[in-house]
Amino acid sequence: MPSVTQEQITSLVKLQKIEIETSSIKKQLSTVDQRIEVLDKKLLDFNQTIEEQKSLINELNEKYRTYESDLQMHLDRRKKSEAKLSSVKTNKEYQSSLKEIDDLENINSKIEDDMIEFLDRIEEAENVLKAKTTEFSELETQMKTEKEIIQKEAEEGRHRLGNLDAEWETVSGDIKAEVLATYNQIKENQAYKIGIVAVKDAVCQGCHMNIPPQMYNELQRGDSLKRCPLCERIIYWKDQN
Ligand SMILES: [Zn+2]
């Protein structure tokens, strides 16, 4: 194991911190597009319910118009029946015409009832549309604000990344090539890319293994690079920092 100074260890810990923050910001940045898509989709879905409400109102209006023309047709027929009434010759014909008028009267009254019911339904549907439209514009404002927050965060993240890159260059420049190479090689074999961990009360904070007493004593002296026997990461004595 190469010899090491306390400053080298401190720099390695700093380097690891920079790398952890860098990776966390990169992860955050990689979700930006997806988070914005989710917001857009929310708005789009809500707009879809408004379109559905509009077509429901159209259907109701269309239906109402067929009632209107139906009523008109029956009113015309009633007029004809009434006109016929003055020209009937027999009592039987007279009675039959009266019955016809009466029947038409009943049909018309039923159609008018249906029309009133439809007007109520149209009014109700229009009120729902109005409420949904208001809700949509509120949602739109909310989504816009959320998007701005995401974009601002992303911008800050990119700015921070630039600073971290510069810091990384400075700090890694302070570390002996041999030490840095060991650190990089350890990270390469690991999913979480952690090359250096603290040892606290003789326990490795990376894998929770107890460090043997002899090694722990040497670690506390802090003059040579030590690696955890189990997880193989570089270790340092936490109480010193
Ligand atoms: Zn360990």
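Residues numbered from 1 in each chain as written. Predicted model: local features only at pLDDT ≥ 70, side-chain atom pairs only at ≥ 80, totals over all residues.

1. Describing the nonpolar core
By size, the foremost hydrophobic cluster in this structure holds 20 residues, and its most contacted members are L12, V199 and I235. Contributions of two or more residues to this core are made by α1 (6-30), α4 (177-188), β1 (196-200) and β4 (234-237). Ignoring sequence-local partners within four residues, the contact set of I235 consists of V197, V199, C204, I211, L219, K226, R227 and C228. (Core = buried A, V, L, I, M, F, W, Y, C linked by C-beta atoms within 7 Å. Buried ≥ 20, exposed ≤ 12 C-beta atoms within 10 Å, placed from the backbone. Helix = DSSP H or I, 4+ residues; strand = E, 2+ residues; numbered from the N terminus. Contact = placed C-beta atoms within 7 Å.)

2. Describing the environment of N217
You can see N217 is positioned in helix α5 (residues 213-221). Along the chain, N217 and W237 lie 20 residues apart, while their C-alpha atoms are 9.7 Å from each other.

3. Side note on the domain arrangement of the protein chain
Looking at the assigned domains, one finds that the protein chain contains domain 1 (6-25 + 176-240) and domain 2 (31-173). Domain 1 and domain 2 are separated by 65 Å when their C-alpha centres are compared. Each side of the interface is counted separately: domain 1 has 8 residues, and domain 2 has 8 residues. Its residues assigned to classes, the side of domain 1 that touches domain 2 comprises 4 nonpolar, 2 polar and 2 charged. (Domains from an automatic or database assignment. Nonpolar A, V, L, I, M, F, W, Y, C, P; charged D, E, K, R; others polar.)

4. Digging into the packing of α1 against helix α3 (residues 91-173)
Running from amino to carboxyl end, α1 crosses α3 at an angle of 155 degrees, the nearest separation of the two axes being 9 Å. When the interaxial angle is binned, α1 and α3 end up roughly antiparallel. The way α1 lies across α3 gives a crossing that is left-handed. Facing α1, whose interface residues are S11, K14, L15, I18, E21, T22, I25, Q28 and L29, α3 presents A154, G157, R158, R160, L161, L164, E167, W168, V171 and S172. Looking at side-chain class alone, the contact of α1 with α3 contains 9 nonpolar, 5 polar and 5 charged residues. (Axes fitted to C-alpha atoms, helices over the stretch in contact; angles between N-to-C directions. Parallel < 35°, antiparallel > 145°, perpendicular 65-115°, else oblique. Left-handed = near helix turned anticlockwise from the far one by under 90°.)

5. What about the sheet that holds β1?
Taken in spatial order, the 4 strands make up an open sheet running β2-β1-β4-β3, and their pairing is mixed. The open sheet terminates on both sides in strands that have one partner only, identified here as β2 (203-204) and β3 (226-227). Across 4 bridges, β1 lies against β4 in parallel orientation. When the bridges of β4 are listed, V199 appears paired with W237. (Pairing = 2+ DSSP bridges.)

6. A few points about unusual backbone geometry
Even without glycine at this site, D201 takes up a positive phi of about 50 degrees. Following the sequence through the fold, D201 ends up in the loop between β1 and β2. Residue class for D201 comes out exposed when judged on the 10 C-beta atoms lying within 10 Å of it. Of note, the phi angle at H208 is positive, near 65 degrees, even though the residue is not glycine.

7. Here's the deal with the environment of S3
For S3, the location among the structural elements is in the segment before α1. A residue is classified by how many C-beta atoms lie within 10 Å of it, and S3, with 11 of them, is exposed. Separated by 220 residues in sequence, S3 and D223 place their C-alpha atoms 5.9 Å apart. Every residue in contact with S3, bar those within four places of it in the chain, is listed here: D223 and S224.

8. Things to note about the environment of L164
As for its placement among the helices and strands, L164 is situated in helix α3. Through-space distance from the C-alpha of L164 to that of I18 is 6.2 Å; in sequence the pair is 146 residues apart.

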